[in-house]
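Observations on chain architecture
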Amino acid sequence: MNEKTATFQFLGLTFNVGNMVSVLLACVVVFCVVFALSRHITMKPGKGQNVLEWLVDFTNGIVRSALSGKVANDLGLWGFTTFLFILISNLQGLLLQVDVSGVTYVKSPTADPIITMTFALLTLTLAQYLGIRKNGYKQHFLSYFKPFKVFVIVNIFEEFTNFLTLGLRLFGNIFAGEMLLGIITKMAVGGGPLMWVVSLPLSLAWQGFSVFIGCIQAFIFVTLSSVYISHKVDIEE
Amino acid sequence: MFSFSVVGTSLYIGNMLFVLISFLILMWLIKIFAWKPITNMMEKRSNKIANDIDSAEKSRNDAVKLAQQRQSELENTHQEASGIIAQAKQTGSNQRDQILDDARKDAALMKSTAQKDIEQQRQEALANSRKDVASLSVEIASKIISKELNADDQKALVDSYIEGLGKQNGSK
C-alpha cells in the first residue's frame, strides 16, 4: 500500500488507475471462478456445481434471513455477486500487490474507501428503490416521520450513518490488514536476513488472520445490506 | 470537479462510476453464465424431488390397494375352493348312495329271478320225478303182479293173453 496513486482526468472525472486495475482484476477472477464452476450443469450435480450451488444457497440464506418473498428472490443475484466480489476483493491484496515506482497498481479494491462507499451507496439506493416499489412513494417517505414527526431528523441522519458505517467498516478492516502487512513487509525488506526470519511467521499469521477477516467482512457486508433493505421494504408500524 | 475529502482521501467520481459499471457488468455476466442455469437447475431438481415424493406416495398407496385386493381375492378363492370341495363331497356321497341303492335293487331283482328259476326248475324236476315214479311204480307193480301170480293164474293169464292174441290175429 502506498499513498501515492496514479490518476488521470477524463471528461472532467478523475480516475485512479490502481483502483481500476484492481477492480477489473477482481471482476475477472470472480467471473472466471463462477464460469468454471458453472460448466456442465446437470440434474445430478458434479463437484464444481456442488460448490456453486452451496455458494448460491449460502448467499440466498443470508438474503432470506432478513427478507422474504419476491424481494428476496430478486436480490438473490445481487447478494451472490456482491458476496463473491467483496470476498475476492478482500483476499486479492493478500495474494498480490503490484507496486511500480511507489505507485500501487494491484491491491485489494476494498482497501480503498471510494470502492466500499460505492457499494454502500449501491445498497442504500437499492433499499430506497425497493422500498418505493413495495410500499409506494407516499408510504415510503411517510415512514421517515415515524414513530413521530421529530424523528425525521434522526431518520435522515441514520441514512447517512448507515451509508458511512457500511462502507467504512469494510474499508477499515481491509485497509488496516493491508497496512500492517505492508509494514511487516517493509520491516522484512529493510532489516536484512535476520528480519526475514522474524517477519515471515508474523506475516504468515497476519495473512491468515486477514483471510479470516476478509471472509467475515464479506459476509457482514451482505448481511447488513439485506437488513438495511429489509428496513425499507418492511416498514414497522 | 467533485473533489472533496472523505477520511483523508480525495473522492474520485470517475472511480465510483467505474466500480459501479464494472460491478453491474459482472453481475450481468454472472446472471447469464451461472445464475440462470444454476437456479433453473435447482428449481428443476426441487420440482423433480417433489414429484418423486408424490409419485412414491402414489405407488405406495397403489401397492397397498393391490395387496388388499389380492388378500380379498385370496379369501374369495379360499371360500370358493372350500365350496367346490363341499359340493364335490356332497355329489360323491349322493352318487355313492345311488350306486348302493341301484346295486341293492339289482341284487334283489337278481335274487327274485334266481328264486323263480329255482322254483320253476324244482317244479319241473318234481313233475319229471312224478312221471318217473309213476312209470317206475307201474313197472314195479307189474313186476310184483307177475311175481305173485301162481301157476294157475299164470296159465289162465297166458291163456287169456293168447286168446287175445288169437282174437287179434283173427280180426286181422
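Please read all numbers here as calculations on a predicted model, not as lab measurements.

1. Overview of the overall build of chain A
Counting secondary structure elements, chain A contains 6 helices and 4 strands. N-terminal to C-terminal, the α/β element order of chain A is β-β-α-α-α-β-β-α-α-α. Taken over 237 residues, chain A has a buried fraction of 45%. Across chain A, contacts joining residues at least 24 apart in sequence account for 70% of those joining residues at least 6 apart. Accessible surface for chain A amounts to roughly 12,000 Å². Of this, 73% is attributable to carbon and sulfur atoms.

2. Considering the overall build of chain B
Per the secondary structure count, chain B includes 2 helices and 2 strands. Moving toward the C terminus, one meets the helices and strands of chain B in the order β-β-α-α. On chain B, roughly 14,200 Å² of surface is accessible, and the fraction owed to carbon and sulfur atoms is 59%.

3. Some details on the environment of F145 of chain A
Residues and elements named next belong to chain A. You can see F145 is positioned in the loop between helix 4 (113-142) and helix 5 (151-190). In the structure, F145 is positioned 11 residues away from I156 in sequence and 9.7 Å away in space, judged by C-alpha atoms. Contact partners of F145, with chain neighbours within four places excluded, come to V152 and N155.

4. Looking at the confidence of the model for chain B
Residues and elements named next belong to chain B. Considering every residue of chain B, the mean pLDDT works out to 83; 88% of them sit at 70 or more. In the predicted structure, residues 1-9 sits below a pLDDT of 50 and forms 12 contacts with residues beyond four places in sequence or in another chain. Interface confidence for the predicted complex, given as ipTM, is 0.76, next to a pTM of 0.68.

5. Quick word on the environment of L224 of chain A
Relative to the helices and strands, L224 of chain A is located in helix 6 (residues 192-233). Excluding its chain neighbours within four sequence positions, the residues that come into contact with L224 of chain A are L166 and R169 of chain A.

6. Some words on the interface of chain B and chain A
Listed per partner, the contact involves 32 residues of chain B and 44 residues of chain A. Summed over both partners, the interface of chain B with chain A comes to about 3,500 Å²; 83% of that surface belongs to carbon and sulfur atoms. Counting across the interface, chain B meets chain A through 1 salt bridge. Note that R45 of chain B is salt-bridged to E53 of chain A, the shortest N-O span being 2.7 Å. Where chain B packs against chain A, one counts 3 residue pairs in polar contact (both at pLDDT 80 or more). Elements represented by at least two residues in the side of chain B that touches chain A include exactly strand 2 (9-10) and helix 1 (13-148) of chain B. When residues of the side of chain B that touches chain A are assigned to their parent elements, the largest contribution, 25 residues, is made by helix 1 of chain B. When grouped by side-chain class, the residues that make up the side of chain B that touches chain A number 23 nonpolar, 5 polar and 4 charged.

7. Concerning the pattern of salt bridges
All names here are of chain A. Counting across every chain of the model gives 8 salt bridges over all chains. Between K232 and E159 there is a salt bridge; the shortest N-O distance is 3.1 Å. Here E159 lies in helix 5 and K232 lies in helix 6, a separation of 73 residues in the sequence. By relative accessible area, which is 14% here, K232 ends up buried.

8. Description of the packing of aromatic side chains
Counting across every chain of the model gives 14 aromatic pairs over all chains. Ring plane angle 75 degrees and centroid distance 5.9 Å describe the contact between F85 of chain A and F23 of chain B, whose orientation is recorded as edge-to-face. Of this pair, F85 of chain A sits in helix 3 (residues 69-95) while F23 of chain B sits in helix 1, which puts the two residues in different chains. A single burial state applies to F85 of chain A and to F23 of chain B, both of which are buried. Here the aromatic residues W54, F58, F83 and F219 of chain A are joined through ring pairs into a cluster of three or more.

9. As for a nonpolar patch on the surface
Residues and elements named next belong to chain A. Residues M187, L194, W196, V197, V198 and L202 make up a contiguous nonpolar surface patch of roughly 610 Å² in combined accessible area. Here the nonpolar patch gets 5 residues from one element, more than from any other, and that element is helix 6. Structurally, V197 is set in helix 6.

10. Remarks on the nonpolar core
The tendency in soluble globular proteins is for nonpolar side chains to be buried as a group. If you look at the biggest cluster of nonpolar residues, it comprises 58 residues, and the most contacted ones within it are V34, L67, L75, F80, F85 and I229 of chain A together with I30 of chain B. Going through the elements one at a time, helix 1 (17-37), helix 2 (47-66), helix 3, helix 4, helix 5 and helix 6 of chain A together with helix 1 of chain B are the ones with two or more residues in this core. Ignoring sequence-local partners within four residues, the contact set of L75 of chain A consists of V63, L67, L126, L130 and I229 of chain A.

11. As for the packing of helix 2 of chain A against helix 3 of chain A
Residue and element names in this part refer to chain A. Running from N to C, helix 2 and helix 3 cross one another at 115 degrees; their axes reach a closest spacing of 8 Å. Crossing angle aside, the handedness with which helix 2 passes helix 3 is right-handed. For the pair formed by helix 2 and helix 3, the contact residues are L52, L55, V56, F58, T59, N60, V63 and R64 on the first element and A72, N73, L75, G76, G79, F80, F83 and L84 on the second. Residues that form the contact of helix 2 with helix 3 fall into these classes: 10 nonpolar, 5 polar and 1 charged.

What counts and what doesn't
- Residues numbered from 1 in each chain as written.
- Chains lettered and ligands numbered in written order.
- Predicted model: local features only at pLDDT ≥ 70, side-chain atom pairs only at ≥ 80, totals over all residues.
- Heavy atoms only, no water.
- Helix = DSSP H or I, 4+ residues; strand = E, 2+ residues; numbered from the N terminus.
- Buried < 20%, exposed > 50% of the residue type's maximum accessible area, 1.4 Å probe, protein only.
- Contact = heavy atoms within 4.5 Å.
- Areas by Shrake-Rupley, 256 points an atom, 1.4 Å probe, with all protein chains shown as cover.
- pLDDT = per-residue confidence, 0-100.
- Buried area = accessible area lost by both parts, 1.4 Å probe.
- Salt bridge = Lys/Arg side-chain N within 4 Å of Asp/Glu carboxyl O.
- Polar contact = N/O pair within 3.5 Å; in protein donor to acceptor, adjacent residues only side chain to side chain.
- Nonpolar A, V, L, I, M, F, W, Y, C, P; charged D, E, K, R; others polar.
- Phe/Tyr/Trp six-rings, centres within 6.5 Å; stacked < 30°, edge-to-face > 60°.
- Patch = residues over 30% accessible without salt bridge, like charges linked within 9 Å, V, L, I, M, F, W, Y side chains within 5 Å.
- Core = buried A, V, L, I, M, F, W, Y, C linked by side-chain atoms within 4.5 Å.
- Axes fitted to C-alpha atoms, helices over the stretch in contact; angles between N-to-C directions.
- Left-handed = near helix turned anticlockwise from the far one by under 90°.

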